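Each chain is listed here by its residues.
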Amino acid sequence: MGVVILLVMAAGVGLMLTRRLPTAVALVLLAVVIAFLAGAPLTGENSVLDTVLQEGAPALAATMIAIILGSWLGKLLDETGVAGTLVRKIVEFGGDRPTVVALGVLAVSALVGTVTGSAPAAMLAGIIGIPAMIAVGVPKVTAAGTVLMGIAVGIPFELPVWQFFSTTLELPIPTVRGFMVKLFPFALVAALAFVLVETRRRGTEHAWSLKSVDSPDAKPRSRREELGDAPWYALLAPAVPLVLALGFELAIIPSLLAGVLYALVTTTRPGEMNKRLLRTLYGGFEVAAPPIALFVAIGILLAAVKLPGAVDALEPLVKAVSPQNAVLFVLVFTLLVPLCLYRGPLNVFGLGAGIAGVLIATGIYPAAVVLGMATSYNQVFGVADPTSTQTVWSAQYAGVTPQHVMVRTLPYVWVVALGGLCVTAATLL
């Protein structure tokens with residue numbers, strides 16, 4: 001039966017790769033089929049309806065709330081002009097020096113990447129940052145890649161991601177935070193290497209297919225841009241949740257709420273707070289809807305693969321192909337890095353979550369080891385996957401294809417994954 005379950009998983013990957021079904025829908029169908037194959041009854045204990053669907057759907061509720069709050073803060077940074085002001089100040093400081101401008105945009109991308117991920121983060125930093133980089137001669141592929149590599153620097157400190165891995169892998173937040181801190185230097189060095197190498201190796205290309213950010217015909221994106229730059233003290237808003245969660249070890253949801261309140265108070269007049277608060281909250285729900293749907297599906301899939309029948313069927317198969325030697329662990333899982341691309345089986349925001357659940361439920365690896373694997377792969381997916389929303393948006397906005405961005409960035413993030421796996425093997429195996 002274990003072989004049949006693996007074949008069903010492979011079929012699910014095929015449905016997602018060919019886009020016959022949305023990822024969330026494919027994961028739910030996959031979970032239901034796995035549950036029936038594992039011998040689960042329709043209702044009752046360890047059943048399809050009560051355990052997999054009813055209990056699985058809200059299993060990642062804390063992550064969903066963190067996503068909503070992060071999206072809310074992201075909308076505030078957008079509407080109040082905080083993100084745009086950060087980018088404009090960097091561009092003014094960099095002048096006509098391509099590398100300096102790119103490094104500045106990289107820093108802003110990393111900062112907003114700690115607040116929210118996916119396309120919203122790319123847009124906050126890239127709407128002004130990408131045309132500014134290309135205007136001073138940064139090649140288009142490098143400009144798109146710079147925003148993505150910057151977001152990847154922020155991912156280890158993205159609080160909703162901490163909550164996701166904590167809930168999914170049933171690990172305490174301090175454990176997740178501790179490994180993320182160790183992963184951060186690899187992401188930072190890779191991002192700096194990308195900017196420094198690619199801006200020099202490719203030379204300057206003075207071409208831009210969109211309107212310049214300074215074009216008189218360009219329409220402002222928000223009222224904040226019409227009024228001018230955000231106050232200097234408001235620019236600290238993206239860092240507030242991170243300082244509270246990392247420096248003072250405050251819980252994730254209160255930290256994000258504090259960031260929302262700080263951004264609101266430092267940018268908005270008292271008489272306008274109520275309207276802006278509700279407007280950005282509703283906008284945050286719109287941004288958060290797709291990942292929330294995905295997290296509902298992931299919770300259902302995790303409930304299915306943890307059923308006793310599924311664990312018993314998969315344990316001997318998965319154990320046979322899972323290396324226990326530290327060197328083989330690093331070698332094998334580094335070679336498997338491409339399987340997290342194109343919504344592949346090691347993509348933690350897809351079937352990879354189910355595989356992680358199997359590895360933990362069967363006792364093959366401790367949850368902390370699976371955390372190291374999953375977070376290392378997530379650094380690759382967040383930058384180089386041509387199907388991820390931030391990669392698609394950044395590439396298209398820069399006027400190149402997501403595949404070109406993947407080819408240019410993959411070597412750098414592959415090294416990040418290697419670093420994360422080495423740390424995992426050295427400290428946990």
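Residues numbered from 1 in each chain as written. Predicted model: local features only at pLDDT ≥ 70, side-chain atom pairs only at ≥ 80, totals over all residues. Heavy atoms only, no water.

Turning to the overall build of the protein chain, a few remarks are in order. Helix and strand content of the protein chain: 20 helices and 0 strands. Here the protein chain has a C-alpha radius of gyration of 22 Å; the compact-globule value for 429 residues is 22 Å, and the two agree. Buried positions account for 56% of the 429 residues belonging to the protein chain. Sequence-distant contacts, at least 24 apart, represent 79% of the contacts inside the protein chain between residues at least 6 apart. (Helix = DSSP H or I, 4+ residues; strand = E, 2+ residues; numbered from the N terminus. Rg over C-alpha atoms; globule rule 2.2 N^0.38 Å. Buried < 20%, exposed > 50% of the residue type's maximum accessible area, 1.4 Å probe, protein only. Contact = heavy atoms within 4.5 Å.)

So, about the pattern of salt bridges. For the coordinates displayed, the defined rule picks out 5 salt bridges. A salt bridge links E170 to K306; the nearest nitrogen and oxygen atoms lie 3.3 Å apart. Taken as a pair, E170 in the loop between helix 9 (159–168) and helix 10 (173–201) and K306 in the loop between helix 14 (273–305) and helix 15 (308–320) lie far apart in primary sequence, 136 residues in all. Relative accessible area serves as the criterion here: at 61%, E170 is assigned to the exposed category. (Salt bridge = Lys/Arg side-chain N within 4 Å of Asp/Glu carboxyl O.)

Within the structure shown, the criterion is met by 12 aromatic pairs. For the ring pair F194 and Y412, a centre distance of 5.3 Å and an interplane angle of 85° mean the geometry is edge-to-face. Remark: Y412 occurs in helix 20 (residues 402–428) and F194 occurs in helix 10; sequence separation between them is 218 residues. Y412 carries the same exposure label as F194, and that label is buried. In textbook terms, an aromatic cluster arises when at least three aromatic residues are bridged by ring pairs, as seen for F164, F165, F295, F349 and F381. (Phe/Tyr/Trp six-rings, centres within 6.5 Å; stacked < 30°, edge-to-face > 60°.)

Take helix 17 (residues 351–361) next. The element helix 17 is largely enclosed, with a buried count of 8 among its 11 residues. The complete set of buried residues in helix 17 reads L351, G352, A353, G354, A356, G357, V358 and L359. Buried-residue contacts for helix 17 involve helix 1 (2–17), helix 2 (23–37), helix 14, helix 15 and helix 18 (367–384).

So, on to the packing of helix 17 against helix 18. As a packed pair, helix 17 and helix 18 sit with axes 9 Å apart at the nearest point and diverge in direction by 155°. Taken together, helix 17 and helix 18 sit at an angle that is classed as roughly antiparallel. Considering only the axes of helix 17 and helix 18, their crossing is right-handed. In contact with A356, L359 and I360 of helix 17, helix 18 contributes A367, V370 and M373. In terms of residue class, the contact of helix 17 with helix 18 is built from 6 nonpolar, no polar and no charged. (Axes fitted to C-alpha atoms, helices over the stretch in contact; angles between N-to-C directions. Parallel < 35°, antiparallel > 145°, perpendicular 65-115°, else oblique. Left-handed = near helix turned anticlockwise from the far one by under 90°. Nonpolar A, V, L, I, M, F, W, Y, C, P; charged D, E, K, R; others polar.)

Before going further, it helps to spend a moment on the environment of V400. Structurally, V400 can be placed in the loop between helix 19 (389–398) and helix 20. When its relative accessible area of 15% is taken as the criterion, V400 is described as buried. Sequence separation of V400 and A144 is 256 residues, and the distance between their C-alpha atoms is 8.4 Å. In this structure V400 touches K140, V141, A395 and V405, once residues within four positions along its chain are discounted.

Caution applies to low-pLDDT parts of the model: their predicted coordinates are not meant to be read in detail. Summary statistics for the protein chain give a mean pLDDT of 88 and a share of 94% for residues scoring 70 or more. Low confidence marks residues 208–227, where pLDDT is under 50. Its contacts with residues over four positions away, or in another chain, come to 30 contacts. (pLDDT = per-residue confidence, 0-100.)

The next thing to look at is unusual backbone geometry. Backbone geometry at N46 places phi at a positive 50°, although glycine is not the residue there. Following the sequence through the fold, N46 ends up in the loop between helix 2 and helix 3 (48–55). Relative accessible area serves as the criterion here: at 31%, N46 is assigned to the partly exposed category. Its identity as a non-glycine residue notwithstanding, E170 has a phi of 55°, on the positive side.

With 146 residues, the main nonpolar core has I34, M133, M149, F165, I298, F329 and Y365 as its most contacted residues. Setting aside residues no more than four positions away along its own chain, Y365 makes contact with S322, P323, Q324, F329, F333, L359, I360, V370, M373 and L429. (Core = buried A, V, L, I, M, F, W, Y, C linked by side-chain atoms within 4.5 Å.)

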